[in-house]
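What follows is the residue order along each chain.
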Amino acid sequence: MTGTIQPHTFRLRDLVGGHIVIDLVNTVTARGAEPIDWLDGYPRLLEWAALTGHFAPADLTALRRLAGSEPDRAELALGRTRELREALHDLLAALIHQDAPAPAEAVDRVENHWKRAVASARLTFRGATPQLQAGVETSGLDYLDHELALQAFDLLRALPLERTRVCLGQRCGWLFIDGSRGGRRRWCSMATCGNSAKGRTHYQRNRAGGTGPGLDNDEAPGL
Ligand SMILES: [Zn+2]
C-alpha cells in the first residue's frame, strides 16, 4: 500500500467485514484511490483491538503498559502487523478476483507471520477441540499480530469465497463477507457506501431529467 497515515477514532461502523481479519484489512480505507492508513501508532492498534471485542481487556492493558515502556519496539510490532495486513489484503483480493495462482509474495508473508505465531502459541483444548492460543506472555508486543495470523489461517481455510467481496463504493475498497440472507450485498455498509451510491444514482437521474440538484456524497466510509 502506498498512501498516507491518518489519525482516526475507530467506531463500530468500521467493523463491517464480517471477520476480525477482514476488519484488520479494512483499517486502510480508499484502497484503489488514495489509500489512507488509520493505524497511526501502536496505541491506535490497541484501540481498534479493544473495539473488536476479540481480546481480553487485561491483555490489552498489559500491551499498553509494554508499549509505554518500549515505544520503539511497539512501532516495530505495528510495522509487522501492517505487513501482515497488506499481505492478507493482496491474498484475499486475488482470491476474490479468482487470480490464479495466488500471489506468491503475499502467501510467503502470511506464512512467515503464521509460523512465528505458531512458534509462540500454546496448544490448548476447548472441550475436545484443540486450538492454538497466542498470549501476551509468550508473544509480547506481537501478541495481536500472532493472534491475527492464527485467525487468518482459520479464515483462509474456510473462506466463503462466493460471499467474500470488495465494496463497490467509490473510494472505499473495503472487503466484506456477505452474511445477508439473500447474499446480494454490494456495499460494505448501507449506511455509508450504499446510501452514497443511491444518492449518486438519484443525482444522475435528476441531471438526466434536468430537475433538481439531488445528492452526491462520495465520502469514504468512516471519514
Ligand atoms: Zn464501502
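Please refer to the structure higher up on the page.
Because the structure is predicted, anything quoted here is derived from the model rather than measured.

Cis peptide bonds are those with omega within 30 degrees of zero, and the linkage from A100 to P101 qualifies with -5°. With respect to the helices and strands, P101 occurs in the loop between α4 (71–96) and α5 (104–120). Although it is not a glycine, A30 adopts a positive phi angle of roughly 60°. By the secondary structure assignment, A30 is in the loop between β2 (28–29) and β3 (36–37).

Let us look at the coordination of the zinc ion. C167 (SG), C172 (SG), C188 (SG) and C193 (SG) make up the full set of protein donors to the zinc ion, lying at 2.3 to 2.4 Å. The site at the zinc ion holds 4 donor atoms, and with the angles between them running 106 to 115°, its shape is tetrahedral. One chain supplies every donor for the zinc ion, spaced along it as C-x4-C-x15-C-x4-C. Of this pair, C167 sits in the loop between β6 (164–166) and β7 (175–177) while C193 is found in helix α8 (residues 190–209), placing the two residues 26 residues apart along the sequence. Look at C167 and you get buried, because its relative accessible area is 5%. For C193, a relative accessible area of 2% corresponds to the buried category.

For the rest of this paragraph, the subject is the environment of T164. Residue placement: T164 occurs in strand β6. Here T164 falls in the buried class, since its relative accessible area comes to 4%. Residues T164 and H97, spaced 67 residues apart in sequence, show a C-alpha to C-alpha distance of 10.0 Å. With residues near it in sequence (within four places) discarded, T164 still touches I22, I96, L159, F176 and I177. Within polar-contact distance, the side chain of T164 engages the backbone oxygen of P160 at 2.8 Å.

Moving on to the pattern of salt bridges. Under the criterion given, the structure shown has 14 salt bridges. For the salt bridge of R82 with D37, the shortest nitrogen-to-oxygen distance reads 2.9 Å. With a gap of 45 residues between them, R82 in helix α4 and D37 in strand β3 connect regions that are remote in the sequence. Its salt-bridge partner being E105, residue R109 comes within 3.4 Å of it at the nearest N-O pair. One end of the pair is R109 and the other is E105, both in helix α5 and 4 residues apart, which spans about a single turn. The class of R109 is partly exposed, set by a relative accessible area of 35%. You can call E105 exposed: its relative accessible area is 54%. Among the charged side chains, a salt-bridge network with shared partners connects R31, D37, R82, R85 and E86.

Across 5 bridges, the pairing between strand β4 (residues 122–126) and strand β5 (residues 129–133) is antiparallel. Looking across to β5, one finds that T124 is bridged to Q131.

With that out of the way, let us pick up the sheet that holds β3. The sheet built from 3 strands is open, its strands ordered β1-β3-β2 with mixed pairing. Strands at the two margins of the open sheet, each flanked by one partner only, are β1 (4–5) and β2. The sheet contact formed by β1 and β3 spans 2 bridges and is parallel. When the bridges of β3 are listed, T4 appears paired with I36.

Cut-offs and rules
- Residues numbered from 1 in each chain as written.
- Predicted model: local features only at pLDDT ≥ 70, side-chain atom pairs only at ≥ 80, totals over all residues.
- Heavy atoms only, no water.
- Helix = DSSP H or I, 4+ residues; strand = E, 2+ residues; numbered from the N terminus.
- Donors = N, O, S within 2.8 Å, 3.2 Å for Na, K, Ca; no water.
- Tetrahedral: all angles 85-135°; square planar, octahedral: opposite > 155°, others 65-115°.
- Buried < 20%, exposed > 50% of the residue type's maximum accessible area, 1.4 Å probe, protein only.
- Contact = heavy atoms within 4.5 Å.
- Polar contact = N/O pair within 3.5 Å; in protein donor to acceptor, adjacent residues only side chain to side chain.
- Salt bridge = Lys/Arg side-chain N within 4 Å of Asp/Glu carboxyl O.
- Pairing = 2+ DSSP bridges.

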